[in-house]
Amino acid sequence: MRLECRVTGGDFQAAGEAAAKLKRTLRQVGIDAETGRRAAIVAYEAEMNIVIHALRGVLSVEISPECIEILANDEGPGIPDIPLAMQEGYSTAPEHIREMGFGAGLGLPNMKRYSDEFRIESVVGRGTSVRMVIKIASKGSQT
Amino acid sequence: MRVRDLLDVLECRVEAGAAGLDNEVKGGYASDLLSDVMAHAGEGDVWVTVQAHQNVVAVATLVSLACVVVAGGVECEPEAARRAEEEGIPLLRSRLPAFEVVGRLYVAGIRARPGAD
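A quick note: this is a predicted structure, and the numbers were derived from the prediction, not measured.

## Considering the overall build of chain A
When you go through chain A residue by residue, the secondary structure sums to five helices and five strands. Secondary structure elements of chain A, listed N to C terminal, follow the sequence β-α-α-β-β-α-α-α-β-β. In terms of its C-alpha atoms, chain A occupies a principal-axis envelope of roughly 45 × 30 × 25 Å. Of all 143 residues assigned to chain A, the portion counted as buried reaches 48%. For chain A, the share of sequence-separated contacts (at least 6 apart) that also reach a separation of at least 24 residues comes to 63%. Carbon together with sulfur atoms contributes 50% to the accessible area of chain A, which is approximately 7,300 Å² in total. Distance between charge centres in chain A, computed from 17 positive and 19 negative side chains, equals 4 Å.

Listed below in structure tokens is the structure:
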């Protein structure tokens, strides 16, 4: 099963809709609550990064019986120093966005922390791609 | 404890989302950083914050919080109220400062949930 949502940079009004849609879908197909929560967290962070930093992007999700794969591709400024951007607390978000409680430098660390596989690639001046995989706990091994 | 039981304790009014007043409150979390709440708040928590814009409701919905308490008499943005109404997430507003709100919740038996991680 596949989901695709366009995300527009700077649109704080619609921000969170892609992640909300993913969460609803996962619940409908019977994914356990904890896996759904992790997917919602990483999708939301990826979506917000596009809203905050990029011009536009697409969040696409592939749901299989084994895992949820989330791809976030954007057209934007890109990230010059990925290890630095991955550090908790490091952010380039402008002041007015921080005042809303975003830009605490937790987005990328949260994405890495809550996914089982995490890969980020970026080209300065072009955009950033993030791929995250969340494994679905098989029935009987759920905690 | 239900969300409606908090109304008197926190001297707060319901700005929107009254449909969720019977949500069970299982724990609490206080923060003004949205990513921090995403990462650490748990399902059924009451969230105390001074942020009052629509993205607060989006976060509360995503992590299935019991309700949001906007402390310090901060005005809720109309779009936040509209979204809370739509999602059925109680958006409560208290004139009490956040410190006092959290203190009263603690006295009422609400705790941060261990391992909320």
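Here the narrative resumes, following the displayed structure.
## Let's talk about the pairing of strand β2 (residues 56-63) of chain A
All names here are of chain A. Sheet topology places strand β1 (residues 2-8) next to β2; seven bridges connect them, and they run antiparallel. Paired with arginine 2 across the bridge in β2 is glutamate 62. Both β2 and strand β3 (residues 67-75) contribute to a ladder of eight bridges, which runs antiparallel. Across the sheet, the residue bridging to isoleucine 63 is isoleucine 68, located in β3. Counted between consecutive antiparallel strands, the loop separating β2 from β3 contains three residues.

## Re the nonpolar core
Residues A:Leu22, A:Tyr44, A:Ile68, A:Ile70 and B:Trp47 are the most contacted members of the largest nonpolar core, which totals 65 residues. Ignoring sequence-local partners within four residues, the contact set of A:Ile68 consists of A:Leu26, A:Thr35, A:Ala39, A:Val61, A:Glu62, A:Ile63, A:Met132, A:Val133, A:Ile134 and A:Ile136. Of all hydrophobic cores here, the second largest spans 18 residues; its members include B:Cys12, B:Val25, B:Val46 and B:Val48.

Analysis parameters
Residues numbered from 1 in each chain as written. Chains lettered and ligands numbered in written order. Predicted model: local features only at pLDDT ≥ 70, side-chain atom pairs only at ≥ 80, totals over all residues. Heavy atoms only, no water. Helix = DSSP H or I, 4+ residues; strand = E, 2+ residues; numbered from the N terminus. Buried < 20%, exposed > 50% of the residue type's maximum accessible area, 1.4 Å probe, protein only. Contact = heavy atoms within 4.5 Å. Areas by Shrake-Rupley, 256 points an atom, 1.4 Å probe, with all protein chains shown as cover. Lys, Arg positive; Asp, Glu negative; His and termini not counted. Charge placed at Lys NZ, Arg CZ, Asp CG, Glu CD. Pairing = 2+ DSSP bridges. Core = buried A, V, L, I, M, F, W, Y, C linked by side-chain atoms within 4.5 Å.

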